[in-house]
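What the coordinates show
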Amino acid sequence: MASDDQPTILVFACNWCSYAGADLAGVSRLEMPPHCQVVRVMCSARVRPEFVIAALSRGLDGVVVLGCHPGDCHYSEGNYYTRRRALLLKGLLEYVGIESERFQLRWISASEGAKFARTITEITDAIKALGPNGWRQPPPEG
Amino acid sequence: MARRRIGVFVCHCGNNIGGVVRVPEVVEYARRLPNVVYAEGSLYACSQEGLSSMKEKIAAYGLNRVVVASCTPRTHETLFRNTCEEAGLNRYLFEFVNIREHCSWIHMHAPDEATEKAKSLIKMGVAKSCYLEPQEELESEVCPEALVIGGGVAGMTAALNLARQGLKVRLVERGKQLGGLLSEVNKLFPANREAKEILDPLVEGVKNHPLVTIYLGSEVESVEGFIGNFKVRIAKVEEEIKVGTVIVATGARELKPIGQYGYPTMANVLTQLELEERLKEGVDEWQSVVMINCVGARVADRSYCGRFCCLVSMKNAILIKEGNPQAKIYILHRDVMASGVEAERYYRRAMELGVRFIRYDPENPPQVLGDGRVEEVKVYHALIGREVILPAQMVVLTTPLVPQADNERLSKMLKVPLGSEGFFLEAHLKLRPIEFATDGVYLCGSARHPSDITESVSQAYAASAKAAIPMREGVVRAEAITAFSQESLCNGCGNCLWVCPFGAIELRDSERRGQVAGVNAALCKGCGCCVAACPNGAMQQRGFSDQQLMTMIEALAEGV
Amino acid sequence: MKNSAVLVIGGGIAGIQASIDLANLGFQVHLVERTPSIGGRMAQLDKTFPTNDCSICILAPKMIECANHERVNLLTYSEVIEVEGQAGDFRVKLLKKPRYVDMNKCTGCGECVERCPRRVPNEFNLFLDRRKAIYLPFPQAVPRKMTIDAQNCLYFLKGRCRLCEEACQAGAIEFEQKEETVELSVGAIILATGFDPYDVSALREYGYGEIENVITGLEFERLISASGPTSGELERPSDEKPPQVIAFIQCVGSRDVNYNPYCSTVCCMHATKEAILAGEHYPDLKSFVFYTDLRAVGKGFQEYVTRAKEEYGVTYIRARPGRITAKNGHPTVWYEETLFKEGEERKVRKMEVDLVILCQALVPHRSHREVAGKVGVELDEVGFIRIPDRLSRPMDTSVEGIFACGFCQSPQDIPDSVIQASGAAARVAELLTPERAGRDG
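One structure accompanies this document, and this report is about it. What you are looking at is a predicted structure, and each value in this text was computed from that prediction instead of being measured.

Conventions used here
- Residues numbered from 1 in each chain as written.
- Chains lettered and ligands numbered in written order.
- Predicted model: local features only at pLDDT ≥ 70, side-chain atom pairs only at ≥ 80, totals over all residues.
- Heavy atoms only, no water.
- Helix = DSSP H or I, 4+ residues; strand = E, 2+ residues; numbered from the N terminus.
- Buried < 20%, exposed > 50% of the residue type's maximum accessible area, 1.4 Å probe, protein only.
- Contact = heavy atoms within 4.5 Å.
- Core = buried A, V, L, I, M, F, W, Y, C linked by side-chain atoms within 4.5 Å.
- Pairing = 2+ DSSP bridges.
- Axes fitted to C-alpha atoms, helices over the stretch in contact; angles between N-to-C directions.
- Buried area = accessible area lost by both parts, 1.4 Å probe.
- Salt bridge = Lys/Arg side-chain N within 4 Å of Asp/Glu carboxyl O.
- Polar contact = N/O pair within 3.5 Å; in protein donor to acceptor, adjacent residues only side chain to side chain.
- Nonpolar A, V, L, I, M, F, W, Y, C, P; charged D, E, K, R; others polar.
- Phe/Tyr/Trp six-rings, centres within 6.5 Å; stacked < 30°, edge-to-face > 60°.
- Parallel < 35°, antiparallel > 145°, perpendicular 65-115°, else oblique.
- Left-handed = near helix turned anticlockwise from the far one by under 90°.
- Expected span 1.5 Å × (residues − 1).
- Disulfide = S-S within 2.5 Å.

This part covers the overall build of chain B. From N to C terminus, chain B includes 15 helices and 30 strands. Principal axes of the C-alpha set define a box for chain B whose edges measure 90 × 60 × 40 Å. Taking all 560 residues of chain B together, 63% fall into the buried category. In chain B, once contacts between residues fewer than 6 apart in sequence are set aside, the share between residues at least 24 apart is 68%.

Below, the structure is given as structure tokens:
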């Protein structure tokens, strides 16, 4: 399915803000490139770094985590943890030789349909520019 | 893992999905996925026909997992879960895949890509569904008492209605008296009734009702807990109060347009509420009054319309005119907002009495002129195409209601959102206008959006109905997406406890392992922070476990 | 102990919401709806302002929740014939009109509709297309059961056909079905009978009914709906081509002493919405809205209008056009621009457009007078249900124990109707709950 200009990008969106923002982009019929696939989580803080590493090491071209704006997390603090983990994760990715731009964290509120569309388009373009993910490892046995 | 028998139901949603995504092709694809024993497309999965078919197929094919690919779970998740339950399947053995808002609607000009993406999304959903386990929702009792924050017309109406339904109410008002904004108002349109006529029966009603406890000069300091079980601290009250529901009726305040049109330094330039205060003492014999509407409303930094302020200006204009038929009264406006039957009739009456309506252009606003004291107003009359000079002994500025200064504090305390203009933001603008996304908290009156009395009272009754429902039911069921810890994997590090925003995790002694983490499901809100923090994978979240999410990642990566 | 059953008359969004709230509060609800399905006007809309939600998508779950609720007794295709008694103890007689279809056997499969040879104008689509004599009013109808329109059915008219009976594998067709009278005993009544569009052919100057490409707002909604007569293609009636320039005329029959003096409240917003939808479907299309006062007073409404102007290039012209003429199917709107920049010339202008949408007045439902008469409530001078004390009791009618919510009592949009519906439920709860001193926690 993937080829040079058809990246596959995984997007984690939190239920209360960014998933709703993505819905709004849909309701508003905002066109965007079709390479991003959204997985719903209740809070961006649910996303553990291992998911990002597993996704990238299995050949996905990018992983995006979307959460509520700082201060607006439905669970008060979740997105602060997400932010901290993201910083560490970026460093780790560089260290193991994966372009850290393949992992992105953005804040999208429930009313920001247009921002969702722009964000998806922007990130897709950036990841296309990096080319396909050269790091591919087979999944562990069993 | 026991044998999975997955059924996939792909919805056309009329043209919404079917017009872009090639649904029959997607159904074929789904049919061939591992563990899928049945797949079908339907025109509207959420219709009675779609739902009956689903129930039928669950029985006929012995399905033990159901995947629906249609719109956003935020609309129909409950509906499909109920349908599964009716067919004898645990409601948590159901997975929703969004191929409308997240696919067909955003790739309307790329049907091939949209079709491939739909397949991929469904593949992920099917993979996850393999690892779904049946869940029971936690039931908790609902305390049949409500907290109403705000003792204005909305708060009192809601409180009294609840009390008359036999439910206890705690009514908290930060002022020294009940009444809110209405106590500042003189008379009410359209019949010139005294505000006291509406206010007094409400105040008497709540004071005398045995089920209402009033706290004056008090504020709510903290609210913890969740629907059915809120723990509230009120200023100056010693004991913690337990309530089942909370109604926000904190109202709004009039914008004081400091620095505009000579306010407040020029004499005889006032706001409408300040005029009301003067009118209470009697209608003076003003010879000329100019009212300027939309001051501070429908402008760059405050885009909304104040909704009923046009009617307030008309009301006061009529009162002055009736008191002195010779007076020249002008209302300068940008549109006359008089929707409906009564308001339009009222507008006609104002015109018939001789109140002059002049439309102005916000790019060329009126100028209030005078030396220390207002004398005249210059305005470009858009309908006749030239500037006019109006005599003005008094200028009244019609401003919108704006959010209370402490809305932010309240919003954080109750964990409910504010909209972009600073008023509280309801769960859904169309169909859930007086509920919050947070269960058990409701909203009415100008705290939501500027509302006149009729609207505030209607909303208060509506909030009361919504609040009464869980209190009548007596129980609420929490969505089974809570976290849980597997003792055998836990090493008691306490990371989870440290990150939990709700204090739902405790370390307790275990016979075999020293200290292990335990989750209080009643307090757990299902965010998953703890799961991501757990180094051993001991902590998991129902419906969003590591295994479930990893299998989705693997399914997606397979195609790469 | 007062009777704790409630009658709700009218199955639109207001009636549905009131029924759900009352049922959740523990009351037995009898919801009476004149047509074969609940849903009302909201089912006819494509999207709703200002969220642009797909109307039927947010309505359908409520319809199903209502119909499936164990305490809601849905009586569709039924009407109220008599009401006696007083608050706490009303005795109601209803007429269940015969569908000629056995509701217990009908599966809603639609085979009968396929076979039926008789086509008649489809009222759900504002007569823009046709339905069969045996029909489902719209695809998401609740209950999903067929109805035979006896006035147009070949069997009832001429004693022939019966193809539906042949086609029906469930044996659900019952030509001998008779109307039934149902007697109910209820403690309170809620009216939610909604509205009708005004017949704007009365305004001859606008040419509705004569000029093909002059349509009404509600007709536009059906045209742009994916489930409508043109599957969502905005086609000019004259040549089925998409329009390039469209004009919305506000206040047609509203705010007019010659027709309806009041303001219908929702039209400024629905015109804005329709202009946005047209722009979404056809990015090069130009829309003009001819308005008098742009009444965008609700939450999010001003921002919606700004969006229409800035993102979709909708142009608002303050004018109430005097006349619409036509040349080769192209309507021409004659108007006078009323807002002047200094030095501008005042003159009558004309605009040639491809399609004109008349935002028609919305009037009390045609069944209103009859229902109000039977139930015994007063109407105001324009025919809406009179609310004696709007300030303290905005849902109370002139009769104790009878409440009214939604458009039937005053022009209003969906959020306000839903609010009033829940509010009416609270008033009923107050009325019918026996006095209690208090409960232990």
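Of all hydrophobic cores here, the largest spans 183 residues; its most connected members are A:F12, B:V8 and B:I122. In contact with B:I122, other than residues within four places in its own chain, are B:V8, B:V10, B:V26, B:A30, B:L33, B:A69 and B:V97. Counting 39 residues, the second-largest nonpolar core is a separate cluster that includes C:I215, C:I246, C:M269 and C:L294.

Here we come to the sheet that holds strand β12 (residues 229-234) of chain B. Backbone hydrogen bonds are what pair the strands of a sheet, in a parallel or an antiparallel way. Residue and element names in this part refer to chain B. Taken in spatial order, the three strands of this open sheet run β11-β12-β13, and their pairing is antiparallel. With partners counted over all chains shown, the strands left at the sheet margins are β11 (220-226) and β13 (241-243), one partner each. The average angle at which neighbouring strand axes cross in this sheet is 25°, direction not considered. Taken together, the six bridges between β11 and β12 define a ladder with antiparallel strand orientation. Bridge pairing in β12 places V223 opposite V232.

Before going further, it helps to spend a moment on the sheet that holds strand β7 (residues 89-96) of chain C. Residue and element names in this part refer to chain C. With antiparallel pairing, the three strands of this open sheet are ordered in space as β6-β7-β12. Of all the strands in the sheet, just β6 (78-86) and β12 (180-186) have a single pairing partner and so form its edges. For this sheet the average axis-to-axis angle between neighbouring strands, irrespective of direction, equals 20°. Sheet analysis places β7 next to β12, joined by seven bridges and oriented antiparallel. Bridged to K93 within β12 is E183.

Many analyses report the size of an interface as the accessible area lost when the parts associate. Taken together, the 77 residues of chain B in the interface contact 85 residues of chain C. Regarding the contact of chain B and chain C, the summed buried area is about 6,900 Å², with carbon and sulfur atoms giving 55% of it. Contact with chain C buries area across many residues of chain B, yet B:Q48, B:K430 and B:L431 alone supply 12% of it, more than any other trio. Connecting chain B to chain C are eleven salt bridges. Residue B:R164 is joined to C:E430 by a salt bridge in which the shortest nitrogen-to-oxygen separation is 3.3 Å. At the junction of chain B and chain C, the tally comes to 30 residue pairs in polar contact (both at pLDDT 80 or more).

Moving on: the interface of chain A and chain B. Between chain A and chain B, the contact holds 48 residues from the first and 52 residues from the second. Taken together, the connections running from chain A to chain B amount to four salt bridges. The closest approach of N and O atoms between A:R46 and B:D546, which form a salt bridge, is 2.8 Å. Along the contact surface separating chain A from chain B lie 18 residue pairs in polar contact (both at pLDDT 80 or more). Of all the secondary structure elements, the ones that give two or more residues to the side of chain A that touches chain B are β1 (9-14), α1 (18-27), β2 (36-41), α2 (49-57) and α3 (78-96) of chain A. The element contributing the most residues to the side of chain A that touches chain B is α1(A), with seven residues. Residues belonging to the side of chain A that touches chain B are distributed by class as follows: 28 nonpolar, nine polar and eleven charged.

All chains considered together, the criterion is met by 26 aromatic pairs over all chains. With a centroid separation of 6.0 Å and an interplanar angle of 50°, the aromatic rings of B:F9 and B:Y38 are classed as tilted. Taken together, the positions of B:F9 in strand β1 (residues 6-11) and B:Y38 in strand β2 (residues 36-42) put the pair 29 residues apart, joining distant regions of the chain. There is no split in this pair, since B:F9 and B:Y38 are both buried. Relative to B:F357, the ring of B:Y347 lies with its centre 4.8 Å away and its plane at 75°, an arrangement referred to as edge-to-face. Placement of the pair is B:Y347 in helix α10 (residues 340-353) and B:F357 in strand β19 (residues 356-359), with a sequence separation of ten residues. On the basis of relative accessibility, which here comes to 9%, the residue B:Y347 falls in the buried class. One aromatic cluster in this structure is built from C:Y100, C:Y155, C:F156 and C:F175.

What follows concerns the side chain of C:D416. Tracing the sequence through the fold places C:D416 in helix α10 (residues 414-432). A polar contact of 3.0 Å, which involves the side chain of C:D416, links it to the side chain of B:R307.

To continue, consider the environment of C:T230. Residue and element names in this part refer to chain C. Residue position: T230 is located in the loop between α6 (217-224) and β16 (245-252). Exposure remark for T230: the relative accessible area of 16% places this residue in the buried category. Measuring from C-alpha to C-alpha, the distance between T230 and E240 comes to 9.3 Å, with ten residues separating the pair along the chain. Ignoring anything within four residues of it in the chain, the contact list for T230 reads L223 and E235.

Residues and elements named next belong to chain B. Along the chain, E137 turns up in the loop between α5 (111-130) and β5 (138-141). Since its relative accessible area comes to 25%, E137 is described here as partly exposed. The sequence separation of E137 and Q548 amounts to 411 residues, and the corresponding C-alpha distance is 20 Å. Beyond its immediate stretch of four places on either side in the chain, E137 contacts R91, Y92, R477, A478, E479 and A480. Within the structure, the side chain of E137 is placed 2.5 Å from the side chain of Y92, a separation counted as a polar contact.

All names here are of chain B. Within this structure, the stated rule accounts for 75 salt bridges over all chains. Two residues, E25 and K119, come together in a salt bridge whose shortest N-O distance is 2.9 Å. In this pair, E25 is assigned in helix α1 (residues 23-31) and K119 in helix α5, connecting sequence segments 94 residues apart. Classification of K119 by relative accessible area gives buried; the value is 10%.

Below, the discussion takes up the packing of α2(A) against helix α15 (residues 546-558) of chain B. With their axes 10 Å apart at the nearest point, α2(A) and α15(B) run at an angle of 20° to one another. Here α2(A) is positioned roughly parallel relative to α15(B), judged by the angle of their axes. Note on packing geometry: the crossing formed by α2(A) with α15(B) is right-handed. Where α2(A) abuts α15(B), its residues A:F51, A:A54 and A:A55 lie against B:D546, B:L549, B:M550 and B:I553. For the contact of α2(A) with α15(B), a count of residues per class yields six nonpolar, no polar and one charged.

This brings us to helix α9 (residues 309-323) of chain B. The first and last C-alpha atoms of α9(B) sit 21 Å apart over 15 residues, in line with the 21 Å expected at 1.5 Å per residue. With 13 of 15 residues buried, α9(B) is to be regarded as a mostly interior element.

A disulfide bridge is the covalent bond that connects two cysteines by way of their sulfur atoms. Tallied over the full model, the rule gives zero disulfides over all chains. B:C310 carries a free sulfur, and the closest cysteine sulfur to it, the one in B:C294, is 5.9 Å from it. Left without a disulfide partner, C:C106 is nearest to the cysteine sulfur of C:C112, which lies 6.5 Å away. Among the residues examined, C:C106 registers a relative accessible area of 9% and is labelled buried.

Moving on to unusual backbone geometry. With an omega of 0°, the peptide bond between B:Y263 and B:P264 qualifies as cis. Mapped onto the secondary structure, B:P264 falls in the loop between β15 (252-254) and β16 (269-271). Of note, the bond from C:F49 into C:P50 is cis; its omega dihedral lies within 30 degrees of zero at -10°. Along the polypeptide, C:P50 turns up in the loop between β3 (47-48) and β4 (53-54).

This next bit is on the pairing of strand β6 (residues 145-149) of chain B. Residue and element names in this part refer to chain B. Across the five residues of β6, five count as buried, placing the element largely inside the fold. Both faces of β6 are covered, namely the face carrying E145, L147 and I149 and the face carrying A146 and V148. Pairing analysis gives five bridges linking β6 to strand β7 (residues 168-173), with the strands arranged parallel. Its bridge partner lying in β7, A146 is registered against V169. Sheet topology note: the β6/strand β14 (residues 245-248) ladder contains four bridges and is parallel. From the neighbouring strand, L147 faces β14, where its bridge partner is V246.

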